[in-house]
Amino acid sequence: MKKKLIKNSFIVLIILVAMGLTFPMIAKNLKFGLDLQGGFEVLYQVKGIDGKKITPSVITGTYKTILKRIDILGVNEPVIIVEGNDRIRVQLAGIDNQDEARKILSQAATLTFRDVNDNLLMTSSVLKSGGAKIGQDEKGGYAVSLSVIDKDEFYKVTKKISESQDNRIVIWLDFDENKNSFLSTNNGSLCGSTGSNCLSAATVSQGFASDVIISGNFKYEEVEQLVDLINSGSLSVKLEEISSKTVTASFGEGTLDKTFKAGIIGILLVLILIIAIFNFSGLIASICIVAYTYFTLLSFWLFGGVLTLPGIAALIIGIGMAIDAPVITFARIKDELAKGSKLQVAYENGNKNSFMSIFDSNFTTLIVGVILFIFGESAIKGFATMLIISILVTMLIMVLFNRYLLALFVKTGYFDDKLKLFIKFNKKKKVPFYQKMDFIKYRKYFYAGTTILIIIGIVSFFTNGLNLGIDFKGGTSIAVSSNETIDVKKLENDINQFGYSIYEKEKIDNSLIFKVNETLTEENIAEMTNHFKETYNIDSEIGVVSNIVSKELVKNAIISFIIAIVAIGIYVSFRFEFTYSISGIIALIHDALMVVIFFSVFKLEVTSIFIASILSIIGYSINDTVVTFDKMREITKEKYKNTIKSKDDYKDIVNTSLKTVLERTIITTLTTICPVIGLMLFGPPGIINFNISMLVGLIFGVYSSIFLACQLWYDFSKKKIGKITKKKWFDEDEVEELRIKGINA
């Protein structure tokens, strides 16, 4: 017995050492967003010139042009994201000269045909706009097909080149007389290479008065890129900057350090708490949390994700939520032990009975993550990506891996008579006070309390409104940072002298943040940044959001909230019944309303990441509620055979279910709140309101799960007394979880 225990402990130790040795490699190769390392971000709207229609091929060509220009800037690992049908977001980490970057990125792509001496022969006007395509040469190889519209001019030029001594025609993108020369491309051998504006140097053997083929033993990828670049140079489009953000390195590094420390503190609090509550089983769950963190970051790295401040927040909060899976399983194992089952039997039945609760609760949160990803902009997409990965890793690590490790030790038999040490089970423990509570009896008081809060919220909303941030109302945020004392009045006067109207100012640590109504242009930003640097020698971080972006954000926020509510409602109806669904939806709307009311009453700023917090709260709250619903359905099926004969039966179902899951609800809430508090106390100021909204949402989410959702179900279900509850297709026989040898088989 002891030999097996030592052997299995050694296996766990090897797993931990392997993760510890490889983690530095993962951490080193992770990509960090601008908010964690500094840099420049700009969102462009692609607009057609002279009525040019914006098609997917136009966007692809523009994307490739921007990528080519970034090569020239020499930025490592840029992030270019196509958003919607006509927008491109560019993120350049570590860029020093934002003015130069803006100029190079936003200028219209210019395609020219020149001879080997750099003399201009033709412009893109001779080609059909976007008419370059992938074709084949005479030998069946890949080539570029050009569609010519000015055939006379094209024939005249190609005829002349074909008769010259060096009969090559050079295709340039954004030729600069001061920087570019055909000779500098090593007589054409470097044309098409990374960082070169020279796209191709084609030999012309005769004059062409029709569409032409450019061949040259190209690989498919080379032809594809050349086609995109030629098209981008012949497209009648312009890039209009509709939002931008500059983050200095000092802002980013400080944010990363604070977030890392806050994350470590939050995770340690979770580990200490779970070990204190479940003893050895809690230790196994803690090891799984370490593995969960490792594999979440590994998956994020393999997917090529860019880790941002909201992404780290999603990871840390996800840790608190991930612990819910083993907590549900441990609670079920304790239930089986209370019935008198042996540890091995209790372990197997506990795993079996907890699986669908875990699956349902995580799937509803996954719905939220997918919706956030579809409708969110860059920061929210990062949050959503991490949330989705966290849920998938939760099922893999916190369910399967946790059960595998537990099975190793359960099968040794060592803990058969040491149940307190194994899972802190004590059959003779004192009955908690909540076991005597009647959760139905006082439901009208809960309804009344919620109604009062909503009335307060309505009054506050019409008097205070919502303190909408730059993201929602448009304008510019100007943040300045210095280790020395900053003269606030002087800076304020400077901003006013530039002609900007300050509507809000805020001091956070060593930073001052001024918000103005005006949307600063590229020139305005450069002027403001240089002024602060030259006059006060201080760094500035300037973020601009146009009205176009703010309106889109509001629209997407409303759409994503509605879709999330509807999608969750449909799934709960499918898995349970409509009465469960409508009760859960009302509780979710309540949770979201409470957070909005809190922000309105205390005049806290509402930013884009606030939407992520609201939807995360919805995901967490339904996660919590579904676990209770699952217990209610189980009691209805097993105790009442799906036929309720009186109100007392419904009352018993709700009270028994809540008493059974209340301990798990409290534990899960505490483990989720710990990381949030860690981020609030020790994290960067940039996500303080996000953490506040999460904390308020978690509190009200638990309140609605315990005091609203089930009570609403009771009131909606009373009229069905005496009716047989219809079975779902998956209820014909007990749903069996996946049986894996060594874990649960």
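As the structure is a prediction and not an experimental result, all values here were calculated from the model.

So, the overall build of the chain
A count of helices and strands for the chain gives 22 helices and 19 strands. By residue count, 54% of the 745 residues in the chain fall in the buried class. In the chain, once contacts between residues fewer than 6 apart in sequence are set aside, the share between residues at least 24 apart is 79%. Carbon together with sulfur atoms contributes 59% to the accessible area of the chain, which is approximately 33,700 Å² in total. In the chain, which carries 80 positive and 74 negative side-chain charges, the distance between the mean positions of the two groups comes to 13 Å.

Here we look at the sheet that holds strand 16 (residues 502-508)
Within the open sheet, the eight strands sit side by side as 3-4-2-12-18-15-17-16. Their pairing is antiparallel. Since the sheet does not close on itself, it has two edges, and those belong to strand 3 (79-83) and strand 16, each with one partner. Neighbouring strand axes in the sheet, compared pairwise and without regard to direction, differ in orientation by 20° on average. Where strand 15 (residues 475-481) lies against strand 18 (residues 539-545), seven bridges are found, and the strand directions are antiparallel. Across the sheet, Ala 479 pairs through a bridge with Glu 541, a residue of strand 18. Contacts from helix 4 (residues 98-106) reach strand 2 (39-48), strand 4 (87-93) and strand 12 (237-247), with the element oriented near 25° to strand 2. Against the sheet, helix 17 (residues 547-575) engages strand 2, strand 4, strand 12 and strand 18, with an angle of about 75° to strand 12.

Focus on the side chain of Thr 185
Checked against the element boundaries, Thr 185 lands in the loop between strand 9 (168-173) and strand 10 (198-203). Among the polar contacts listed, one links the side chain of Thr 185 to the backbone oxygen of Phe 182, at a separation of 2.5 Å.

Quick notes on the nonpolar core
Membership of the largest hydrophobic core comes to 138 residues, with the highest contact counts inside it found for Leu 372 and Met 398. If one sorts the elements of this core by residue count, helix 11 (residues 378-410) sits on top with 20 residues. With sequence-adjacent residues up to four places away left out, Met 398 is seen in contact with Ala 285, Cys 288, Ile 289, Tyr 292, Ala 322, Ile 323, Ala 325, Pro 326 and Val 393. Judged by nonpolar contacts, the second largest core, of 25 residues, contains Leu 111, Phe 113, Val 126 and Ile 230.

Let's talk about the pairing of strand 6 (residues 120-123)
Relative to strand 6, strand 5 (residues 111-114) runs antiparallel, the two sharing three bridges. Looking at strand 6, one finds that Phe 113 is bridged to Met 122. Where strand 5 folds back onto strand 6 in an antiparallel hairpin, the turn is made up of five residues, including Asp 118, whose phi is positive at roughly 70°.

Quick word on the pattern of salt bridges
All told, the structure shown has 21 salt bridges when counted by the stated rule. Residues Lys 505 and Glu 492 are paired through a salt bridge, measuring 2.7 Å at the closest nitrogen-oxygen approach. In this pair, Lys 505 sits in strand 16 while Glu 492 sits in helix 15 (residues 488-497), placing the two residues 13 residues apart along the sequence. Put simply, Lys 515 and Glu 504 hold a salt bridge, and the shortest N to O gap is 3.6 Å. Of the two residues, Lys 515 is situated in strand 17 (residues 511-516) and Glu 504 in strand 16; the sequence distance between them amounts to eleven residues. Since its relative accessible area comes to 6%, Lys 515 is described here as buried. Residues joined by salt bridges that share partners form a network here, namely Arg 332, Asp 630, Lys 631, Arg 633 and Glu 634.

Points about the pairing of strand 17
In terms of burial, strand 17 is a largely internal element, six of the six residues being buried. Every second residue of strand 17 is oriented toward a common face, with Ser 511, Ile 513 and Lys 515 on one face and Leu 512, Phe 514 and Val 516 on the other, all of them buried. Sheet topology note: the strand 15/strand 17 ladder contains six bridges and is antiparallel. Opposite Thr 476, over in strand 17, you have Val 516 as the bridge partner.

Some words on the packing of aromatic side chains
Evaluated as defined, the whole model comprises 26 aromatic pairs. Linked through ring pairs, Phe 280, Phe 409, Tyr 414, Phe 415 and Phe 422 together constitute an aromatic cluster. We note Lys 418 situated over the ring of Tyr 414; from NZ or CZ to the ring centre the distance is 4.4 Å. The cationic tip of Lys 473 hangs over the ring face of Tyr 503; the distance from NZ or CZ to the ring centre is 4.1 Å.

Observations regarding the packing of helix 8 (residues 309-322) against helix 9 (residues 324-338)
Two elements in contact, helix 8 and helix 9, have axes separated by 5 Å at closest approach and are oriented at 10°. The angle between helix 8 and helix 9 places the two elements in the roughly parallel class. Residue-level contacts link Gly 320, Met 321 and Ala 322 of helix 8 to Asp 324, Ala 325 and Pro 326 of helix 9. Among the residues forming the contact of helix 8 with helix 9, the class breakdown is four nonpolar, one polar and one charged.

Brief notes about the state of the cysteines
By the definition in use, this model includes one disulfide. Each disulfide pairs two cysteine sulfurs, and for Cys 191 the partner residue is Cys 198, the sulfurs being separated by 1.9 Å. Across the S-S bond linking Cys 191 and Cys 198, the dihedral sits near 65°, which makes this disulfide right-handed. Exposure class is identical for Cys 191 and Cys 198. Each is buried. Cys 288 carries a free sulfur, and the closest cysteine sulfur to it, the one in Cys 674, is 18 Å from it.

Considerations on the sheet that holds strand 10
A sheet is described by the order of its strands in space; here four strands give the open sequence 6-5-9-10, paired in antiparallel fashion. Both outer strands of the open sheet, strand 6 and strand 10, are each paired with one neighbouring strand and no more. Across the sheet, the mean angle from the axis of one strand to that of its neighbour is 25°, orientation sign disregarded. Packing against the sheet, helix 5 (residues 151-162) makes contact with strand 6 and strand 9, and its axis sits at approximately 150° to strand 6.

Remarks on the confidence of the model for the chain
Confidence in the prediction of the chain, expressed as mean pLDDT, is 82, and 91% of residues score 70 or more. Scored below 50 in pLDDT, residues 732-736 shows six contacts in the model against residues more than four places distant or in partner chains.

Considerations on unusual backbone geometry
Even without glycine at this site, Asn 279 takes up a positive phi of about 55°. Mapped onto the secondary structure, Asn 279 falls in helix 7 (residues 249-302). Residues other than glycine seldom take positive phi values, yet Lys 603 does so here, at roughly 55°. Structurally, Lys 603 is set in the loop between helix 18 (578-601) and strand 19 (605-606).

Examining the packing of helix 20 (residues 647-682) against helix 21 (residues 688-707)
Contact geometry for helix 20 and helix 21: axes closest at 10 Å, N-to-C directions at 175°. Judged by the inter-axis angle, helix 20 sits roughly antiparallel to helix 21. Facing helix 20, whose interface residues are Leu 658, Leu 662, Thr 665, Thr 669, Thr 672, Ile 673, Val 676, Leu 679 and Met 680, helix 21 presents Ile 688, Asn 691, Ile 692, Met 694, Leu 695, Leu 698, Val 702, Ser 705 and Ile 706. The residue inventory of the contact of helix 20 with helix 21, partitioned by class, reads 13 nonpolar, five polar and no charged.

Quick notes on the side chain of Thr 112
For Thr 112, the position within the fold is in strand 5. In contact with Thr 112, other than residues within four places in its own chain, are Leu 120, Met 122, Thr 123, Val 170, Ile 171, Trp 172 and Phe 175.

Parameters and conventions
- Residues numbered from 1 in each chain as written.
- Predicted model: local features only at pLDDT ≥ 70, side-chain atom pairs only at ≥ 80, totals over all residues.
- Heavy atoms only, no water.
- Helix = DSSP H or I, 4+ residues; strand = E, 2+ residues; numbered from the N terminus.
- Buried < 20%, exposed > 50% of the residue type's maximum accessible area, 1.4 Å probe, protein only.
- Contact = heavy atoms within 4.5 Å.
- Areas by Shrake-Rupley, 256 points an atom, 1.4 Å probe, with all protein chains shown as cover.
- Lys, Arg positive; Asp, Glu negative; His and termini not counted.
- Charge placed at Lys NZ, Arg CZ, Asp CG, Glu CD.
- Pairing = 2+ DSSP bridges.
- Axes fitted to C-alpha atoms, helices over the stretch in contact; angles between N-to-C directions.
- Polar contact = N/O pair within 3.5 Å; in protein donor to acceptor, adjacent residues only side chain to side chain.
- Core = buried A, V, L, I, M, F, W, Y, C linked by side-chain atoms within 4.5 Å.
- Salt bridge = Lys/Arg side-chain N within 4 Å of Asp/Glu carboxyl O.
- Phe/Tyr/Trp six-rings, centres within 6.5 Å; stacked < 30°, edge-to-face > 60°.
- Lys NZ or Arg CZ within 6 Å of the ring centre and 35° of its normal.
- Parallel < 35°, antiparallel > 145°, perpendicular 65-115°, else oblique.
- Nonpolar A, V, L, I, M, F, W, Y, C, P; charged D, E, K, R; others polar.
- Disulfide = S-S within 2.5 Å.
- pLDDT = per-residue confidence, 0-100.

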